[in-house]
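Now for the letters of each chain:
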Amino acid sequence: MSDLQVFLPDESRRELAEGATAGDLAASVGARLAREAVAARVNGELLDLSVALRDGDHVAIVTGESDDGRDVIRHSTAHVMAQAVTRLWPGAHLAIGPSVRDGFYYDFALPGGAHFSDDDLERITTEMRSIIAEDQPFARVELSLEEGRELFALQPFKREILEALSTTPTDEDLAESGASVVTAYSNSESFVDLCRGPHVPSTARLGHFTLTRVAGAYWRGDERRPQLQRIYGTAWESAAALNSYLDQLAEAERRDHRRLGHEMDLFSFPSEVGPGLAVFHPRGGVMRRALEEHSRQRHERSGYEFVYSPHISRAELFETSGHLTWFPERMFPPMTLDEGQRYYLKPMNCPFHVLIYRSRPRSYRELPLRLFEFGSVYRFEMSGALQGLTRVRGMTQDDAHIFCTRAQMSEELARTLQFVLDLLRDFGLEDFYLELSTRPGAKAVGSDEEWSEAEAILARVARDAGLELVLDPGGGAFYGPKISVQARDAIGRTHQISTIQLDFQTPKNFDISYVSALNERECPIMIHRALFGSVERFLAILIEHYAGNLPTWLCPEQVRVLGVRDDHDDFAHAVAERLRQSGIRVTVEAANEPLGARIRRAKVEKIPYVVVVGDDDVAQDTLGVNARGSNDPQRGVPVGEFLDRVAREVASHSLPEAS
RNA sequence: GCCUGGGUAGCUCAGUCGGUAGAGCAACGCAUUCGUAAUGCGUAGGUCAGGAGUUCGAAUCUCCUCCCAGGCUCCA
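The paragraphs below set out a description of the structure included in this document. For clarity, every value in this text was computed on a predicted model and none was experimentally measured.

RNA strand B sits among 61 residues. The nearest are Leu194, Arg213, Gln227, Ser383 and Asp615. Contact distances for RNA strand B include 3.4 Å between a sugar or linking oxygen and a side-chain N or O atom of Lys158. In the environment of RNA strand B, a sugar or linking oxygen lies 2.6 Å from a nitrogen or oxygen atom belonging to the side chain of Arg213. Mapped by element, the contributors of at least two residues to the surface near RNA strand B are α6 (156-167), β12 (208-218), β13 (227-236), α9 (257-263), α19 (595-604), α20 (615-620) and β32 (622-627). Per-class residue counts for the surface near RNA strand B are 26 nonpolar, 18 polar and 17 charged.

Under the defined criterion, the tally for this structure stands at 52 salt bridges. The salt bridge partner of Glu142 is Arg140, with a shortest N-O separation of 3.7 Å. Exposure remark for Arg140: the relative accessible area of 37% places this residue in the partly exposed category. Among the ionic pairs, Arg258 bridges to Asp256, the shortest N-O distance being 2.6 Å.

The buried fraction of β13 amounts to eight of the ten residues, a majority that puts the element mostly inside the structure. Bridge count for β12 against β13 is ten bridges, and the pairing is antiparallel. Looking at β13, one finds that Thr210 is bridged to Thr234.

Turning next to the side chain of Asp569. Tracing the chain through its elements places Asp569 in helix α18 (residues 569-581). Here Asp569 sits buried without a salt bridge, and the closest side chain of opposite charge, Arg598, lies 5.3 Å off (N-O distance). Each residue touching Asp569, except ones within four places of it in the same chain, is listed here: Gly563, Ala590 and Ala591.

Let us look at unusual backbone geometry. Leu367 connects to Pro368 through a cis peptide bond whose omega is -5 degrees. Checked against the element boundaries, Pro368 lands in the loop between α13 (350-358) and β20 (369-378). For Glu11, which is not a glycine, the phi torsion comes out positive at approximately 75 degrees. Relative to the helices and strands, Glu11 is located in the loop between β1 (4-7) and β2 (13-16). At Arg220, a position not held by glycine, the phi torsion is positive, near 60 degrees. Here Arg220 shows up in the loop between β12 and β13.

Another aspect to go through is the packing of aromatic side chains. Counted according to the given criterion, the structure contains 19 aromatic pairs. With 6.2 Å between their ring centres and 80 degrees between their planes, Phe267 and Phe269 make a pair best called edge-to-face. When its relative accessible area of 4% is taken as the criterion, Phe267 is described as buried. Seen from their ring centres, Phe306 and Phe372 are 5.2 Å apart, and the 55 degrees between their planes marks the pair as tilted. A residue pair is termed long-range when its members are at least 10 positions apart, and Phe306 in strand β16 (residues 305-306) and Phe372 in strand β20 qualify at 66 residues. Judged by relative accessible area, Phe372 falls into the buried class, the value being 0%. Grouped by ring-pair contacts, the aromatic residues Trp89, Tyr106, Phe108 and Phe116 constitute a single cluster.

Our next topic: the sheet that holds β20. If you walk across this open sheet you meet the eight strands as β16-β20-β21-β28-β25-β24-β22-β23, and the pairing is mixed. Each edge of the open sheet is held by one strand with a lone partner, namely β16 and β23 (469-472). Pairing of β16 with β20 involves two bridges; the strand directions are parallel. The partner of Phe306 across the bridge, within β20, is Phe372. Relative to the sheet, α13 contacts β20, β21 (394-404) and β28 (525-530), its axis offset from that of β21 by approximately 40 degrees.

Here we come to the packing of helix α3 (residues 67-88) against helix α4 (residues 118-133). Direction vectors running N to C along α3 and α4 enclose 115 degrees, while the axes themselves pass 9 Å from each other. With respect to α4, the element α3 is oriented roughly perpendicular. Between α3 and α4 lies a crossing of right-handed hand. When α3 is examined against α4, the residues Thr77, Val80, Met81, Gln83, Ala84, Val85, Arg87 and Leu88 are found in contact with a partner set consisting of Arg123, Ile124, Glu127, Met128, Ser130, Ile131 and Ile132. Class assignment of the residues belonging to the contact of α3 with α4 gives a composition of nine nonpolar, three polar and three charged.

Rules of the game
- Each chain carries its own residue numbering, running from 1 in the written order of its sequence.
- All chains are assigned letters beginning at A, and all ligands numbers beginning at 1, according to the order in which they are written.
- Under the rules for a predicted model, residues below a pLDDT of 70 receive no local features and side-chain atom pairs below 80 are neither given nor counted, while totals for whole chains, interfaces and linings still include all residues.
- Side-chain measures here rest on the full set of heavy atoms in the structure, leaving out hydrogens and waters.
- The nearness test applies per residue and asks whether one of its heavy atoms lies within 4 Å of the molecule or strand.
- Residues adjacent in sequence count toward polar contacts only when both atoms are side-chain atoms; beyond that, a polar contact is any pair of N or O atoms within 3.5 Å, and within protein one must be able to donate a hydrogen and the other to accept it.
- Numbering of helices and strands starts at the N terminus; helices are DSSP runs of H or I of at least 4 residues and strands are runs of E of at least 2.
- Under this grouping Gly is polar, as are all residues other than the nonpolar Ala, Val, Leu, Ile, Met, Phe, Trp, Tyr, Cys and Pro and the charged Asp, Glu, Lys and Arg.
- When a carboxyl oxygen of Asp or Glu is within 4 Å of a side-chain nitrogen of Lys or Arg, the pair counts as a salt bridge.
- Partly exposed describes any residue whose relative accessible area lies between the buried limit of under 20% and the exposed limit of over 50%, with all areas from a 1.4 Å probe on protein chains only and scaled to the type maximum.
- Strands qualify as paired when DSSP identifies two bridges or more between them.
- Note that His is not counted, nor are the chain ends; the positive residues are Lys and Arg, and the negative ones are Asp and Glu.
- The contact criterion used is simple: two residues touch if any of their non-hydrogen atoms lie within 4.5 Å.
- Two rings from Phe, Tyr or Trp (for Trp, the six-membered ring) form a pair when their centres sit within 6.5 Å of each other. Planes less than 30 degrees apart are called stacked, planes more than 60 degrees apart edge-to-face, and all others tilted.
- Angular values range over 0 to 180 degrees, each being the angle between N-to-C directions of two axes fitted as lines to C-alpha atoms, with helices fitted over their stretch in contact.
- In these notes the angle categories are as follows: under 35 degrees is roughly parallel, over 145 is roughly antiparallel, 65 to 115 is roughly perpendicular, and the rest is oblique.
- For a crossing to be left-handed, the near helix must be turned anticlockwise from the far one by less than a right angle; the clockwise case is right-handed.

Printed below as a string of structure tokens:
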């Protein structure tokens, strides 16, 4: 007898008995699906498999191999972790335990203010394994608010969540269900957790997880509220998926620019200088110079003019610009000089560029005026936020400020965006999307009309660029909205690189103007833009993108010449000199070790070309070429031919051809 | 800033119960002269991050400071 009809994603119908659940549906489709099912999407909503279906429902069975499925697995694993922690630390308070990208976490407050240590992860893991082995069902319970308050009387964070739900029923689902029903999941008689769900049907569906680290986290992310103990983990639908994720992590670690930067002798952070302050070594210096020089040339060709400004300034400048109002805590404390004058290290270049603009009257004929500077800025980042070259206290921005009229603004933005993308492509980044950050709630200055206009223009320019556009509501700076260019690197991570910001405010703060064609005094618009973000961070991204195997034009050492025996060393030096005269960065390593050992060293150092010269080469003016990434060296290549090849590659910014 | 973990030779790491500081690689020296990913022998290298304390004696135990790594609302 079948008195219930549901629709599958392919619109086919399925007859089921009255009272059938999503789990029953999965079973009716096939044993394999039933085995792999973790949840169901019913009429678009992600629900437990135990949900009773109604006539006419559209149902998609969710398996572990989907994003939805992994979310459910991770969320359920977090739940199991909470149960394990509760068993090991009776009286622990539970906060929240969501799934996050690639994993999950759960926040706890342990009795007596105890902390987790790394060793605890193993104990918790063991406890979790036994909970999973117990094959506990995740039983959904619906409660009234009052019942919820009673059930979680001893859980202050859960209570706070309940109170928040009762006073702000903003969530649509809750509004629909009357805002008075909350749900909990009970795994066993001894463990119940307030949770929206859905969950896998039973703990036995879990198991491919690893607890990764312990951390502190403030309740609700607010440093004025209690600090909780957080445990992060990752969980997947299969052992293979888990291992592949762990391999990815290992690959990211191999590419880490801090490790490579040290190994390749590019830069360091001497503790004598201070945290977050890097020094560049000669090899890193070569790389940096090549990058900056290329950027300079591109800017020159694109109509930018080059300016310079000092690293410190009187407080007045940053009072006018608003920096001291909006983020004084991010600036280094001032030094007070004679007569009580306060001087600050500059956190941004824009105020200086505005003063350059203001140094004399400007005509509309000069606009757009594009001022560029490799400007070093200093920001007092929280010590815990510092991270290699990507988050530092001293950095150099490839910063420019464009002053233009309102009428020019749209075209100038489009042009700037195109320029950004072209330049990034020169460095081998190809995969982009754009993010539009709009008005931040409280901190924004300026009128609503200005903001709407600016946001609309940016949105149009972004759309016209033909790239994927993601919205970041409220992510703009206090003075204007921005477009940021996000780039995906070789292992699929995304980095925010360039930003283009519109600013109506600073020109007003500094009261700058130009004389229009109608001989009237007008206020220009300012566009802030940094393409690399900071030179340091961009280098870090490139190092990781290429795993240290940089394109030849950026390599500190492009060619290393090795003589087979030491009586070939003179010829090796002669070859090197010819390459050097063509602008190639080349060294010679003398033949006092076996050739294989010297080749190995050069390979380990990621030199693009190892050149070997022996008897035949001396006789015929040729060389042997062993390119990076190749195990198949070429012999008898004419010196001139090799020289052209490297020169061509440098000019085209490409990687060595692994022939 | 706060939480957890860490800091031993240039690098990667060992160092037991508190009892004279260890290895491999790198560096340097000598020998070796070799055609595409590790030649042999030898030498040198240390305020065990820094400071204070406990102790007959501290890399090791205690406290303080510095630095590094991960984390600090992708919401029940």
